[in-house]
Amino acid sequence: MEQQRYSYSTVKTYSSMIRQFFAHHHPKNWDSITEEDLVSYNHEVYIKRGRSYASQSHFINAIKLFYKLHASSQIVPDDIARPRRVTKLPDVLTKEEVKSILIGITNLKHQALISLLYGCGLRIGEALSLRIDDVRYEEKLLYVRSAKGQKDRRVPLSGGIADLLRRYQRSYRNKTLLFTGQRGGRYAYSSALQILKRAVRKAGLNRRVTLHTLRHSYATHLLQSGTDLRYIQTILGHNSPKTTMLYTQVAAKDIKNINSPYDDKGI
């Protein structure tokens, strides 16, 4: 996968899923696992436990890739059916909720990272891979390298985020990566998630908020402020406008003001 330039997070996710799959079927060898074993595992782990469509789809992708590279007479990759796509509206925060979360983060590094996810609409993997020279203050742009699908893109860098990153860089003075762990190297995804969870609790929000929720919220708030959908698609790095179009349903702030015919009838 690394040779084919899959992202760090995809390599980690697929490898973990494959390990769990083979561990479940121990002591069977990988080439003696049957299609029936695969179907049973998929139903037991993903269907009965109510795992998400995305998680199940990642597992199927991992299995298909493995058996394309390692031929088996028992499992044919092209015969493995993918789950039917379920289209769900992205969960978003209001601007006030985002503000309450960010205010509760006092550590400068933590504040810079979580603010960047919302303020530039980044995926967490993209933020953790940013290098110092990807922040172009004079251009007012952030260069996102080898993002999903191994595509580079440029993202607007707001004045507020730029000021925050300048303060952060003056305090931490990292040499290569923008965000690093205590012992150097890439900052951990799990640490970023814990920062957000603590901030959500501190803000008193009784709802599930993920790091990706900040990206959804960024896109929705852009749309609500009148930003053209085509620009949002470019900023987010979506291949298809259909993906970006989901935000139009979330951002329809005036839909609640539509009167039902029931009220017009005076029933």
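Conventions and cut-offs
Residues numbered from 1 in each chain as written. Predicted model: local features only at pLDDT ≥ 70, side-chain atom pairs only at ≥ 80, totals over all residues. Heavy atoms only, no water. Helix = DSSP H or I, 4+ residues; strand = E, 2+ residues; numbered from the N terminus. Buried < 20%, exposed > 50% of the residue type's maximum accessible area, 1.4 Å probe, protein only. Expected span 1.5 Å × (residues − 1). Arc of directions from axis to C-beta. Contact = heavy atoms within 4.5 Å. Salt bridge = Lys/Arg side-chain N within 4 Å of Asp/Glu carboxyl O. Pairing = 2+ DSSP bridges. Polar contact = N/O pair within 3.5 Å; in protein donor to acceptor, adjacent residues only side chain to side chain.

Asker: What is the right way to read the environment of Gln-3 from this model?
Answerer: Locating Gln-3 in the fold gives a position in the segment before helix 1 (8-24). In this structure Gln-3 comes out as exposed when scored by relative accessible area, which is 77%.

Asker: Hey, could you run me through helix 7 (residues 159-172) in this one?
Answerer: Counting along an α-helix, one turn takes 3.6 residues, and residues three or four places apart therefore face a common direction. Here helix 7 is 14 residues long and its end C-alpha atoms lie 20 Å apart, about the 20 Å a rise of 1.5 Å per residue gives. Looking at helix 7, one finds that the buried residues are Ile-161, Ala-162, Leu-164, Leu-165, Tyr-168 and Gln-169. What you see down the axis of helix 7 is that its buried residues fit within an arc of 165 degrees, all on one side. Along helix 7, exposed side chains directed more than 90 degrees from the buried face belong to Gly-160 and Arg-170. For helix 7, the elements touching its buried residues are helix 5 (108-120) and strand 1 (135-136).

Asker: Whenever I open this one, the pattern of salt bridges confuses me. Can you help?
Answerer: A pair can form between side chains of opposite charge whenever their charged atoms are brought close. Scanning all chains against the criterion turns up 10 salt bridges. With its nearest N and O atoms 3.5 Å apart, the salt bridge here joins Lys-48 to Glu-44. The exposure class assigned to Lys-48 is exposed, which follows from its relative accessible area of 56%. Its salt-bridge partner being Asp-163, residue Arg-166 comes within 3.5 Å of it at the nearest N-O pair. Within this pair, Arg-166 and its partner Asp-163 are both found in helix 7, separated by 3 residues, close to a single helical turn. Linked by salt bridges that have partners in common, Asp-91, Glu-97 and Arg-207 make up one network.

Asker: Is there a simple way to think about unusual backbone geometry in this case?
Answerer: Negative phi values dominate among residues other than glycine, just as trans dominates among peptide bonds. Each neighbour pair has its own omega, and for His-26 with Pro-27 the value is 15 degrees, a cis peptide bond. When you line up the elements, Pro-27 lands in the loop between helix 1 and helix 2 (35-47). With phi around 50 degrees, Arg-173 is a residue other than glycine that occupies positive phi space. Residue placement: Arg-173 occurs in the loop between helix 7 and helix 8 (189-203).

Asker: Explanation requested: the sheet that holds strand 2 (residues 141-144) in the structure shown.
Answerer: Whenever strands of a sheet pair, they do so through backbone hydrogen bonds, lying parallel or antiparallel. Taken in spatial order, the 3 strands of this open sheet run 1-2-3, and their pairing is antiparallel. The sheet is open, and its two borders are formed by strand 1 and strand 3 (153-156), each paired with just one other strand. Sheet topology places strand 2 next to strand 3; 4 bridges connect them, and they run antiparallel. Counted as the bridge partner of Val-144 is Arg-153 from strand 3.

Asker: Looking at this structure, how should I read the side chain of Asp-134?
Answerer: Among the secondary structure elements, Asp-134 is positioned in the loop between helix 6 (124-128) and strand 1. The buried category is assigned to Asp-134, whose relative accessible area is 2%. Reaching out from Asp-134, the side chain makes a polar contact with the backbone nitrogen of Arg-131 at a distance of 2.9 Å. Aside from chain neighbours lying at most four places away, what touches Asp-134 is Ser-129, Leu-141, Leu-142, Tyr-143 and Arg-145.

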